[in-house]
Amino acid sequence: MWQIKILSKLELINFCSLNVIIHSKDKKARRTSITVGCIIGFVALMIMSYVGGLSYGFITLGAEEIVPAYIVFLSSLFTLLFCAFKAGKIIFKDSCYDILSSMPIKKSALVISRFIRLYVEGLVVACLIMVPGIAVYTCLVKPGILAVILGILSVIFVPIIPVALSVLLGVIITGISSRMKNKTLFESLCVVLIIVVMLGCGALIPTGENMSFDMEAMEGMANELLGVIYKIYPPAAWFAGAFGVGSSIAFLIGIIASATLLGVVVLLTVSNFESINRRLHTSIAKHDYKLGKLEKKSMMKAIIYREAKGYFSSGTYVMNTIIGPIMAVVFTIGLLFLDLESIFKNFPIDINVNGVIPVLFAGILTISCPVAVSVSMEGREFWIIKTLPVMDKDILKGKLMFSGILLAPFFIVGELIMIIALKPSISNLVWMIVMPIAIVFCTLVMGLWINLKFPKLQWNSDVEVIKQSVAAFLGGFVGVLLALFSLIPVLIVPADFYNIAACGVCIILFIVAIIINSRNNKFDLMFL
Amino acid sequence: MLKINNLTKHYKGSDKGVNNVTLHIGKGDIYAFIGHNGAGKTTTLKCVTGIHDFDEGEILIDGISLRDNPLECKRRFAYIPDNPDLYKYLTGIQYLNFIADIFQVGANDREDRIKKYAGDFEILESLGDLISTYSHGMKQKLAIISALIHQPKLLILDEPFVGLDPQATVILKGIMKKICEAGGAVFFSTHVLDVAERLCNKVAIIKAGNVLASGNMADIVREGQSLEDIFMEAIGKNVAD
């Protein structure tokens, strides 16, 4: 038990960067940590306001029965998304493996401490999503004291199942990939598969087609949504039953199911921990190289080649940044099967479908801006670039160009499908292509700027950079914010003036991108 | 070849760094830079190689200011750090090709040099393997080959002999001598005082960021003394302690 306590403490100190805040003499590092704290606090406030507002909306529209299930589902889904793609890396992280495995530490203590770290992350998500929902529901619906107590207790238990599922997924994927030569490719394919499955589940959620905004329709919609949630995620029914109607039995079933799954996953992880780690830390070298004909490349080609090699060597990097492009293409494929006119006709304002869709496409495409962590990914090897006779702006240009090359195939495929699905006029076709280009270009340049402002070069696991760094956090918002900015004139301006509005948006985006790019180019990497 | 004039560098929020360091490394010099852990050796080397900025002073490589024209300076030297963190995701040959591409070394030249140096260090057959599979010594050897692939005039090394096997140590010492015979210079930090005394014609001793002594080895190490005696004396420790 004391081993779990010590190891968990270490995990949490590392996760929260507590030592940097308390002990670091480096004012910049402390300032960055405090800034991160403020940003996270702000986002937390936004999430809480959103969930509170949504719960209020459901209740005032007479669909209060959906609130408990919805907050449990939302919390579990976010925890799953938050933990699923990094659980394997956290459980089997390689830093200090040699030292820890040589110490008299139980495998179970190591596994459980890492589990606890993931659980704490899940608990934070649960608090952010469930607490405001419970508060609003309690104030407006007054479900009774038992229901409220069970609701509050549910916050503690709801993260267990998604965290256990994430770890299970991580163990299976890492276990299989550890036997493979090309681990990254396998892990990336798994991510694609997971995304497709998740989007498939998403397709079950009612689209709102033929929906009108009256109370009766809302009630029908709420019942339909409730049915879908229970179908996709049955545990939502147990905890929602506990909070919604104060059912102790439902609550007990939830706890027993969570504990059982947790026990099974922990046992499975502990029993495979050593063998997977051994395979991960054993490298096979062939020692059979014969020097053949070598080719000389241009400096820029060499820089881009190195970027590509670095990118595809990190499963976490690929997994985290390929989600957006895949989702963007899936989104455009969905356009082929949806009756957009009937979906948008119920909106209170006229929607220019051919103007909105390309912006949404660009926003999804750039949801995980790869260049936003590209400088941080240099890590301990940054000295190489710093001592080579390459201009800093060429290094940054290489990073931008590689990200552009990475997104290009998804962009082209998505554009072609959009053109087939939306059949735009010539002028719409121009903006359908130029607008996403402007958003993507501006996102990449801003993502790079964010990374230069918030670099994280000292790391032991790439998860620290790709999943937990400020740049990764902020980089994820840039594309979405730029897409939202681009949507405003498209939605406000009458259809007749759409070309002017689109042109104005593109000019603004390109000007902003050029200004930030010139600032990036003046940056001296020596100061990082 | 390398002039460090009044170099001062302090880390923010820390009292560590270097103060007013002045060192002149001429053509043909093999210059040892010695001092205990945390004395400021690596900080000085990192400033000279452009990894760190510095607060005051001037660094000239071949008469060119590092601050005014870093690219020209970087074309003239090669640096090998104490812990060669190389791109783990590249194979040895991909890494060497990358460095050769950056320095625009011709295909034939790089082939000849890789064949020679990788053969000498006995890692030619491992060049097709990922660097992540290399031992510390192999990484060190690869870093040395990558430093030599563009034939630098100035070689800057931080603890170059750590992790090298005895054979590789002998080869590296031979390479250092050849560079100097060809009119180049070598500036390196080390804790191995015996090697420094036998290999180098010049030496500098640094303590707590201040250069305590510098100049010709023969002038600093007088007859009947060793570099070890001088070093211990300079840092204020009695050998008997």
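Higher on the page you've got the structure.
Cut-offs used in this document
Residues numbered from 1 in each chain as written. Chains lettered and ligands numbered in written order. Predicted model: local features only at pLDDT ≥ 70, side-chain atom pairs only at ≥ 80, totals over all residues. Heavy atoms only, no water. Helix = DSSP H or I, 4+ residues; strand = E, 2+ residues; numbered from the N terminus. Rg over C-alpha atoms; globule rule 2.2 N^0.38 Å. Contact = heavy atoms within 4.5 Å. Areas by Shrake-Rupley, 256 points an atom, 1.4 Å probe, with all protein chains shown as cover. Lys, Arg positive; Asp, Glu negative; His and termini not counted. Charge placed at Lys NZ, Arg CZ, Asp CG, Glu CD. Buried < 20%, exposed > 50% of the residue type's maximum accessible area, 1.4 Å probe, protein only. Pairing = 2+ DSSP bridges. Buried area = accessible area lost by both parts, 1.4 Å probe. Salt bridge = Lys/Arg side-chain N within 4 Å of Asp/Glu carboxyl O. Polar contact = N/O pair within 3.5 Å; in protein donor to acceptor, adjacent residues only side chain to side chain. Nonpolar A, V, L, I, M, F, W, Y, C, P; charged D, E, K, R; others polar. Phe/Tyr/Trp six-rings, centres within 6.5 Å; stacked < 30°, edge-to-face > 60°. Axes fitted to C-alpha atoms, helices over the stretch in contact; angles between N-to-C directions. Core = buried A, V, L, I, M, F, W, Y, C linked by side-chain atoms within 4.5 Å.

1. Considerations on the overall build of chain A
Reasoning step 1: A count of helices and strands for chain A gives 23 helices and 0 strands.
Reasoning step 2: Taking 2.2 N^0.38 as the reference for a compact globule, 528 residues should give roughly 24 Å; the C-alpha atoms of chain A span a radius of gyration of 25 Å, in line with that estimate.
Reasoning step 3: Counting only C-alpha atoms, chain A reaches 75 × 70 × 45 Å along its principal axes.
Reasoning step 4: The contacts of chain A with a sequence gap of at least 6 include a subset with a gap of at least 24, amounting to 83%.
Reasoning step 5: With the model as given, the accessible surface of chain A reaches about 24800 Å², and the carbon-plus-sulfur share is 72%.
Reasoning step 6: For chain A, the distance from the average site of its 41 positive side-chain charges to the average site of its 29 negative ones is 14 Å.

2. A word on the pairing of strand β9 (residues 202-207) of chain B
All names here are of chain B.
Reasoning step 1: Here β9 lies mainly inside the structure; 5 of its 6 residues are buried.
Reasoning step 2: Looking at chain direction, strand β3 (residues 30-34) and β9 are connected through 4 bridges and run parallel. By the bridge assignment for β9, F33 is matched with A204.
Reasoning step 3: Relative to strand β10 (residues 210-216), β9 is paired through 6 bridges, and the arrangement is antiparallel. Residue V203 lies in a different strand from β10, and its bridge partner there is G215.
Reasoning step 4: If you look at the hairpin formed by β9 and β10, you'll find 2 residues sitting between the two strands, and A208 has a positive phi there, around 45 degrees.

3. Quick word on the interface of chain B and chain A
Reasoning step 1: Listed by partner, the interface residues are 46 residues for chain B and 39 residues for chain A.
Reasoning step 2: Taken together, the two surfaces of chain B and chain A that pack against each other cover about 3900 Å², and 63% of this comes from carbon and sulfur.
Reasoning step 3: Per-residue buried area on chain B facing chain A is highest for Y87, Y89 and I102 of chain B; these three make up 16% of the total on that side.
Reasoning step 4: If you look at where chain B meets chain A, you find 3 salt bridges.
Reasoning step 5: In this structure, E111 of chain B and K293 of chain A form a salt bridge, with 3.7 Å as the shortest nitrogen-oxygen distance.
Reasoning step 6: Applying the counting rule to chain B against chain A returns 15 residue pairs in polar contact (both at pLDDT 80 or more).
Reasoning step 7: Put simply, the parts of the chain that give the side of chain B that touches chain A at least two residues each are α2 (70-76), β6 (77-80), α3 (92-102) and α4 (107-120) of chain B.
Reasoning step 8: Residues that form the side of chain B that touches chain A fall into these classes: 21 nonpolar, 13 polar and 12 charged.

4. Details of unusual backbone geometry
Reasoning step 1: Of note, the phi angle at N20 of chain B is positive, near 50 degrees, even though the residue is not glycine.
Reasoning step 2: Within the secondary structure, N20 of chain B sits in strand β2 (residues 17-25).

5. Some thoughts on the packing of aromatic side chains
Reasoning step 1: With the rule as written, the count across this model stands at 19 aromatic pairs over all chains.
Reasoning step 2: Note on F58 of chain A and Y70 of chain A: the rings are 5.3 Å apart at their centroids and 70 degrees apart in plane angle, and the pair reads as edge-to-face. Taken together, the residues F58 of chain A in helix α3 (residues 27-60) and Y70 of chain A in helix α4 (residues 66-84) connect sequence positions 12 residues apart. With respect to class, F58 of chain A is no different from Y70 of chain A; both count as buried.
Reasoning step 3: Ring geometry for Y31 of chain B against F187 of chain B: centres 5.7 Å apart, planes inclined by 85 degrees, an arrangement best described as edge-to-face. In this pair, Y31 of chain B sits in strand β3 while F187 of chain B sits in strand β8 (residues 185-189), placing the two residues 156 residues apart along the sequence.

6. Here's the deal with the sheet that holds strand β5 (residues 64-65) of chain B
All names here are of chain B.
Reasoning step 1: Taken in spatial order, the 4 strands make up an open sheet running β2-β1-β4-β5, and their pairing is antiparallel. On the outer flanks of this sheet lie β2 and β5, each paired with one strand and no other.
Reasoning step 2: In this structure, strand β4 (residues 56-61) lies alongside β5, joined through 2 bridges in antiparallel fashion. Looking across to β5, one finds that I61 is bridged to I64.
Reasoning step 3: Across the face of the sheet, helix α1 (residues 41-48) comes into contact with β1 (2-10), β2 and β4 while running at roughly 115 degrees to β1.

7. Re the nonpolar core
Reasoning step 1: Membership of the largest hydrophobic core comes to 158 residues, with the highest contact counts inside it found for I59, Y95, L127, F187 and F188 of chain B.
Reasoning step 2: Top element by residues in this core is helix α20 (residues 426-453) of chain A. It accounts for 12 residues.
Reasoning step 3: Once residues lying within four places of it in the same chain are set aside, the contact partners of Y95 of chain B are W383 and I384 of chain A together with L86, Y87, L90, I131, L142 and S146 of chain B.
Reasoning step 4: Among the nonpolar cores identified, the runner-up in size contains 34 residues, and F58, I71, L225 and L226 of chain A belong to it.

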